[in-house]
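# Observations on chain architecture
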Amino acid sequence: MTDSIMSKAATMEIPINSNGDTGTLPEDDSLEQAAKLQWSLDEKVGSSRGTRDLQQVMVSGPNLNETSIVSGGYGGTAEGIIPTSSIKGPAVHYNAEFNKRIPVTGLGSNMHHSSSSSSITAEETTRGVAVEKLETVKKWGLNTYKCTKQMISERFGRGSRTVDLELEAQIEVLRDTKRKYENVLRLARALTNHFYNMVQTQHALGDTFADLSQKSPELRDEFGYNAETQKLLCKNGETLLGAVNFFVSSINTLVNKTMEDTLMTIKMYENARLEFDAYRSDLEELSLGPRDAVAMARIEAAQQQYQVQKDKYERLRSDVIIKLKFLEENKVKVMHKQLLLFHNAISAYFAGNQQQLEQTLKQFNIKLRPPGADKPSWLEEQ
């Protein structure tokens, strides 16, 4: 009924008199009452719903990008619709707690500036590392070129080299001594292996004699004597093996650790000598050239490099002299003890003097491994 009344009111014509005032109609009062009734009903029905909608709008806020501004009256065309996405302005954030809109225009710009500054810093760091590596490769290439040139010149007799006759003679003696000691070590290991096999054979032979003495009553005494002899020889052989193994271990330490460490220092010294001669030759060539400003700058740089290489050469030369001196003292001390041990142990074993053999091991603080401990532990193998 209300809808029919409202449609009727919308289609009625309102007469205007000559003075511009609206005329009175007999249905004006009814239309006014119907409008009031419709308004009261809408207010009662939508009061609660409107409250909830208002709260939701306050919390979530309007989406300005999806709204539009309508210009014109009821039933007008769409020409007056202006999309708000075309309106340029600062972005806002709706705060439902305080019913305020907070502009957030500077947030994006700050994030953009921070990300751009961090990317610039990362690029500068990467560039610095690359430049440093390039400089290192450049210096290495230049140094290698100069050393190779000096080496070829020395080999073909065209270049001069720094010579220390006394030190080079000591180095040659050390290398010859190392070769001879390596031969002693090789022979001592071969003796140990052969003697170990002999001891194992004596042990098996003694067990066989003991078994036959139990199974052959008519030859029990003869098998028994031989079994006891083989067991005694096996025991003395194990004692001698302990002494020989100690001798081999000490020689191995002297040759492959002490001497090898000194030879590594000698190798570093020889490389430093080659670099020193290469930069010395380079400085001599520059000194014979012109004396303009560019040449003087190159000579000054070459002089600095020459001084650096000279200090390195002198330091390593001093290290080699000291290590050679200590190595000689250590070699004499170690070999005196090991040769005395080897002589006493071999003499006592082949003389059949078991007591002297055991006394030799006690003199040099050698402890035998118990039976079944032939394989060294993982800690001893390190």
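It should be emphasised that the depicted structure is a prediction, and the values quoted were computed from it without experimental measurement.

Here is what the cut-offs are and how they apply
Residues numbered from 1 in each chain as written. Predicted model: local features only at pLDDT ≥ 70, side-chain atom pairs only at ≥ 80, totals over all residues. Heavy atoms only, no water. Core = buried A, V, L, I, M, F, W, Y, C linked by side-chain atoms within 4.5 Å. Buried < 20%, exposed > 50% of the residue type's maximum accessible area, 1.4 Å probe, protein only. Helix = DSSP H or I, 4+ residues; strand = E, 2+ residues; numbered from the N terminus. Contact = heavy atoms within 4.5 Å. Arc of directions from axis to C-beta. pLDDT = per-residue confidence, 0-100. Axes fitted to C-alpha atoms, helices over the stretch in contact; angles between N-to-C directions. Parallel < 35°, antiparallel > 145°, perpendicular 65-115°, else oblique. Left-handed = near helix turned anticlockwise from the far one by under 90°. Salt bridge = Lys/Arg side-chain N within 4 Å of Asp/Glu carboxyl O. Expected span 1.5 Å × (residues − 1). Bend = angle between axes of the 7 residues up to and from the residue.

It is characteristic of soluble globular proteins that their nonpolar side chains tend to be buried jointly. Counting 43 residues, the largest nonpolar core has I171, L174, I266, Y269, V320 and L324 as its most contacted members. By residue number, the principal contributor to this core is helix α5 (residues 220-287), which donates 18 residues. Among residues more than four places away in sequence, those in contact with Y269 are D164, L167, I171, Y313, L316, R317 and V320.

Attention now moves to the environment of N226. Tracing the sequence through the fold places N226 in helix α5. Residue classification places N226 among the partly exposed positions, given a relative accessible area of 37%. Each C-alpha atom of the pair N226 and L205 lies 8.9 Å from the other, and the pair is 21 residues apart in sequence.

Regarding helix α7 (residues 354-363), the residues found buried are L357, T360 and L361. Buried residues along α7 cover an arc of 95 degrees about the axis, so they all sit on one side. Across from the buried face of α7, at angles greater than 90 degrees, the exposed residues are Q355 and K362. Turning to α7, the residues buried within the fold contact α5 and α6 (293-351).

Right, let's talk about the confidence of the model for the protein chain for a bit. Taken as a whole, the protein chain shows an average pLDDT of 75; of its residues, 66% reach a score of 70 or greater. The spread of mean pLDDT over the elements of the protein chain runs between strand β1 (residues 68-69), the lowest at 42, and helix α4 (residues 165-215), the highest at 94. Here residues 1-28 is modelled with pLDDT under 50, and outside its nearest four sequence neighbours on either side it reaches 16 contacts, counting other chains as well. Here residues 57-108 is modelled with pLDDT under 50, and outside its nearest four sequence neighbours on either side it reaches 43 contacts, counting other chains as well.

On to the packing of α4 against α6, then. Close contact between α4 and α6 brings their axes to 12 Å; oriented N to C, the two are set at 25 degrees. Put simply, α4 runs roughly parallel to α6. Considering how the two elements wind past one another, α4 and α6 form a crossing that is left-handed. Residues L167, Q170, I171, L174, T177, Y181, L191, F195, M198 and Q202 of α4 pack against R317, V320, I321, L324, L327, K331, M335, F342 and Y349 of α6.

Before going further, it helps to spend a moment on the pattern of salt bridges. On inspection of all chains with the given rule, the structure shows 17 salt bridges. Two residues, R280 and E284, come together in a salt bridge whose shortest N-O distance is 3.2 Å. Of this pair, R280 and E284 both sit in helix α5, 4 residues apart, roughly one helical turn. Exposure remark for E284: the relative accessible area of 42% places this residue in the partly exposed category. Of the charged contacts, one joins K331 and E328 as a salt bridge, the two residues approaching to 3.3 Å between their closest N and O atoms.

In this section: α5. If you check α5, its first and last C-alpha atoms are 97 Å apart, about what 68 residues at 1.5 Å a residue would give, namely 100 Å. The largest bend in α5 comes to about 35 degrees, at E260.

With that settled, the discussion passes to the environment of L339. Positionally, L339 belongs in helix α6. For L339, a relative accessible area of 47% translates into the label partly exposed. Distance from L339 to F247, taken between C-alpha atoms, is 8.0 Å for residues 92 residues apart in sequence.

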